[in-house]
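One-letter residues, chain by chain:
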Amino acid sequence: MGLLLLGIACVAAGGIAALAASRSPARASRLAAAGVVTGAVLGLVAAGRVLLTARTEELVRAWDVPYGAIVLRLDPLAAIFLVPLFVLSALAAVYGTRYLADEAAHHSLGAHWFHLCTLLAAMAVVLLARNAVLFLVAWEVMSLAAYFLVTFSHEREEAREAGWTYLVATHLGTAFLLAMFVLLGRAAGSLDFDRMRQAGLAGSPLATAVFLLAVVGFGTKAGFFGLHVWLPEAHPAAPSHVSALMSGVMIKMGIFGLILVLSLLGPPRLWWGGALVGIGAASGVLGVLFALAQHDLKRLLAYHSVENIGIITLGLGLGVTGAAAGLPVVSFAGFAGALFHVLNHALFKGLLFLGAGAVAQATGSRNLDRQGGLLRRMPWTGGTFLVGAAAISGLPPLNGFVSEFLVYFGAFSAAVAPRGAVVVALVVIAALALIGGLAVACFAKAFGVVVLGEPRSTRARDAHEVGRAMRGPMALLALACVAVALAAPLALRLVAPAVAQVATALGVPAAEAPLVGATAAVTAVVWVFLAVIAGVALLALARRLLLRGRAVTRAGTWDCGYAAPTPRMQYTASSFAQPLVDLFSPLLRTERHETVPEGPFPAPGSFASHTADLAARAVYLPLFAGAAKALGSLRWLQHGRVQLYVLYIALTLLVLLVWKVAS
Amino acid sequence: MTGAALARLGAALLLAPLLYGVIARTKAFFAGRTGAPLLQRYFDLAKLLRKGAVYSETTTWVFRAGPVVSLAAVLGALALLPMAGAPAVFGFAGDFVLLAYLLGLARFATVLAALDTGSAFEGMGASREVQFSALAEPALLLALVALARNAHELSLGSILGAVSGETWRHDAAALTLVTAALFVVFLAENSRVPVDDPTTHLELTMIHEVMVLDSSGPDLALVELGAALKMWLLGGLVVSIVVPVRSGNPWIDLGAFVAGLLALAALVGVVESTMARLRLLRVPALLVSAGVLAALGLALMAEW
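Note that this is a predicted model, so its numbers are computed, not measured.

Chemist: So what exactly am I meant to see when it comes to the side chain of B:T117 here?
Modeler: Here B:T117 lies in the loop between α4 (95-116) and α5 (120-151). Note on B:T117: relative accessible area 1%, which makes it buried. When near neighbours in sequence (up to four residues on either side) are disregarded, B:T117 contacts A:T557, B:S56, B:T58, B:T59, B:F63, B:E122 and B:D214.

Chemist: Whenever I open this one, the side chain of A:R299 confuses me. Can you help?
Modeler: Among the structural elements, A:R299 can be located in helix α13 (residues 297-325). Ignoring anything within four residues of it in the chain, the contact list for A:R299 reads A:P232, A:E233, A:P236 and A:Q294.

Chemist: Sorry, what's going on with the layout of surface pockets here?
Modeler: Gaps left between atoms are located by rolling a probe of water-molecule size over the structure's atoms. Computed from the structure, the largest pocket encloses a volume of approximately 1300 Å³. Along the wall of the largest pocket there are 50 residues; nearest its centre are B:Y20, B:R41, B:P198, B:E209 and B:E224. Elements represented by at least two residues in the lining of the largest pocket include exactly α1 (3-31), α2 (40-49), α3 (61-78), α4, α9 (208-211) and α10 (217-242) of chain B. The dominant element in the lining of the largest pocket, judged by the number of residues it contributes, is α10(B), at 7 residues. Split into classes, the residues belonging to the lining of the largest pocket amount to 23 nonpolar, 14 polar and 13 charged. As a volume, the second largest pocket reaches approximately 740 Å³. In terms of lining, the second largest pocket is formed by 27 residues, of which the most central are A:L386, A:V536, B:W61, B:A65 and B:V69. Secondary structure elements with two or more residues in the lining of the second largest pocket: α16 (379-392), α20 (468-486) and α22 (516-547) of chain A together with α3 and α4 of chain B. Classifying every residue of the lining of the second largest pocket by side-chain character gives 22 nonpolar, 2 polar and 3 charged.

Chemist: Would you mind going over the interface of chain A and chain B with me for this structure?
Modeler: By convention, interface size is frequently given as the accessible area that disappears when the constituent parts associate. Listed per partner, the contact involves 74 residues of chain A and 72 residues of chain B. Summed over both partners, the interface of chain A with chain B buries about 6100 Å², with 74% contributed by carbon and sulfur atoms. Applying the counting criterion to the chain A and chain B interface returns 1 salt bridge. Salt-bridge contacts for B:D219 lead to A:R543; the nearest nitrogen and oxygen are separated by 2.8 Å. Run the count over chain A and chain B and you get 23 residue pairs in polar contact (both at pLDDT 80 or more).

Chemist: Quick question: what am I supposed to make of the nonpolar core here?
Modeler: Burial of nonpolar side chains together is a common tendency in soluble globular proteins. A:L74, A:F81, A:L82, A:F135, A:I255 and B:W232 are the most contacted members of the largest nonpolar core, which has 353 residues in total. Looking at this core, the element that brings in the most residues is helix α18 (residues 422-451) of chain A, giving 21 residues. Residues A:L547, B:A53, B:Y55 and B:A113 belong to the second largest nonpolar core, which totals 5 residues.

Chemist: I'm lost on α16(A) in this one. Help?
Modeler: Residue pairs spaced three or four apart in an α-helix point in one direction, given the helix's 3.6 residues per turn. All names here are of chain A. Here α16 spans 20 Å end to end across 14 residues, near enough to the 20 Å set by a 1.5 Å rise per residue. With 11 of 14 residues buried, α16 lies mostly within the body of the structure. Taken together, the buried positions of α16 are T381, G382, G383, T384, F385, L386, G388, A389, A390, A391 and I392. A positive backbone phi angle near 75 degrees is found at G394, which sits one or two residues after α16.

Chemist: Whenever I open this one, helix α6 (residues 157-188) of chain A confuses me. Can you help?
Modeler: For α6(A), which comprises 32 residues, the first-to-last C-alpha distance of 46 Å matches the rise-based estimate of 46 Å (1.5 Å per residue) to within 8%. Just beyond α6(A), the residue with positive phi is A:G189, at close to 75 degrees.

Reading the values: the criteria
- Residues numbered from 1 in each chain as written.
- Chains lettered and ligands numbered in written order.
- Predicted model: local features only at pLDDT ≥ 70, side-chain atom pairs only at ≥ 80, totals over all residues.
- Heavy atoms only, no water.
- Helix = DSSP H or I, 4+ residues; strand = E, 2+ residues; numbered from the N terminus.
- Buried < 20%, exposed > 50% of the residue type's maximum accessible area, 1.4 Å probe, protein only.
- Contact = heavy atoms within 4.5 Å.
- 1 Å grid on protein atoms, 1.4 Å probe; cavity = no way out; pocket = protein on both sides within 12 Å on 5 of 7 lines; lining within 4 Å.
- Points joined across faces, edges and corners; volume = space filled by probe spheres on them.
- Nonpolar A, V, L, I, M, F, W, Y, C, P; charged D, E, K, R; others polar.
- Buried area = accessible area lost by both parts, 1.4 Å probe.
- Salt bridge = Lys/Arg side-chain N within 4 Å of Asp/Glu carboxyl O.
- Polar contact = N/O pair within 3.5 Å; in protein donor to acceptor, adjacent residues only side chain to side chain.
- Core = buried A, V, L, I, M, F, W, Y, C linked by side-chain atoms within 4.5 Å.
- Expected span 1.5 Å × (residues − 1).

Have a look at this one:
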């Protein structure tokens, strides 16, 4: 515990030092990055020790705040979330030192680094806090720090809007959490999580209410579809290393919170699992569909976060279903898939956001249709982006496949069990298969249009590879995606204690045995991975030997004999996605604006399409417009006269006094 | 990993191109022509392997890696398929997910190689390929889960091994639905009529063929061999269900399996001779119906 706290202190100290060194932006960046990297190494050692020994460390101190107490506990569940937090934060910080170097003239980097370090430290405390007051304080610090990071480029209207949307969303979510903890606290007579757990709420209506509040409150942070509206705004607006951290780590705090509350409630109801599976399927499928329709690279990645949260939630739903239906194998595989995917998503989504930042910096645009041909100009960025794209699509032999495989494994076990939950399994399998296919489509589009082919703009043609401090973190993350896949059985063994902790808390009989089948399957999967990699190597060698000494020439791409092909004639991102976007048009409702060239002397034609968010358009915009209209009638209360405001306060106090005395 | 499994893998490598010959001869028969020799695909492969190569100036290493990765992935998937009653080279609980995703990897590599040329035609083919395969994937996995439910086991060896004449008597309806779904997936994934027409001469109407327009020489040979093996692989799934011969004598089993595959190829030829391809806009409906059939099959299997 001491080691971990020292690590968190290092991170925080890095932030404070950066703030103090604001005058020299380069030094501020270096100080912050040094603090974060040191803290991350210490934290990783502490978390790794807990995962290896499955032992829990604790620190309890009194706190003056009413109902508050400093209860910090490093258990396997917290550790499994701390690992991606520290890995990604160290790499993102190093990347940030170079990425922000050109911004120093316009923005205070010291303040930025301070907020970044605050965010990291607050997330670590969220994972450790086992008292509701401490948890909520850390949660709020995390949310506010992220707001300041999103609005880094505050001179742009888009960033201010995004920050505002995020701020409103996160606080609405926190309101639900507040209500939830009040309910739990009243039932338990204390705001310590241990007391809540001992209150034995399982099966009561109160437990159901708490579950629903947790789904909405934590779901807002995690980005369940419907509650996700802030995500596609905030991720593109933030600097890329911040997007990587928000998408890779911060939204997982919502998943962590949900698991935490589930484990406080004890044995779950069967329909909770079904509800989570439904939410997961909707988030996954709709997330990837909206991603397909995007033209902005970072917006596309943001929708993929919704998709991957969906996959994680499918795993959680299976875990809960298994716990409620008495199917330990299903429960363990579901939770293992979910927790493993948390780690994997941090690796490949972090990599993809860092890559998107490198592309945006090199070409000055995030628009997919202004890129192209970057693989020749930016071999490192292009190559690592390919690894990330294949990993997030769940393709073998990379880490994304392994965690999705575990979720599949749980679903199959549910489908073939004698008293199996067939419908839940059917939904999980159909959703995962559809998500997998659509994700391949989406990343074929993203990678193909951005990195392959010919440049579609002059900026893309003149692009240069980014600096070493940005290449290094991307290369390490790509390497990690491969390494985690090839060492999957080992990684699964590290996840196992956290899975066992969650499953035990949910009333599944405690044993290591339920993961034996999954571990054996994952081990066999790795052997096939190795066989395929060996096959690739052998075939590549054979191809090289065959072509040796033969005529290998270069010519133009086949164009049906057309005389003057230009890069603008390539398939674009919109045209690539068009068949699928049209197929799902009832959900996506893409708007098209086109002027078709007509007549003998046609004017220049144009085409543009835009896909607005379903939830924002159908629910939130009308809701907030209606609220603004309804509340407008109260505007006479607000007129700027301070004396009358003081009168309001005095009257309120009087009413409260009368009420207190009367009761 | 047994000798029998490796021998069957070798048989697949050797015999897969023959399926194309059978299809071509069947179509020639219906058209009243003599048709190309049965072994034409072997002659093509031999010719391509002897040639040099021409690459587009636009392409990078992704284009060169495409056929290699694609063929390696299909070979990996083939190593997971139990053929003719013998266990596969690799077999474990849930192996069919890896099989489906390895086919996904092969597709991803082909699609990226197509996009690497910067050609609008190849982009178009790639776009159609990812659309149709995204819709075919749920059908494939649901069909296999329906069979898994029948076997109460999760490895492809036990799943296919559990299908027998007895199962057909008990669960004819469910098995028919599952087979129909798998047959549609087989046609779609192998770019056959009614989803794609491999003999079309117009780039605008192609799907698979247009993606490999710029491949030549040994690269094209790898692509063609990969396509043949994929047909063997998905055909093998259908045949294992429809012709569940388990005599115990490996020669009879293998003979029945290969005969089944050749009959399936003839059936593809019949389909291509007797019906036109669907309009591209109608193909999704076909693939989604296959998914629904598979889900129904799973539900009926659940009743049992």
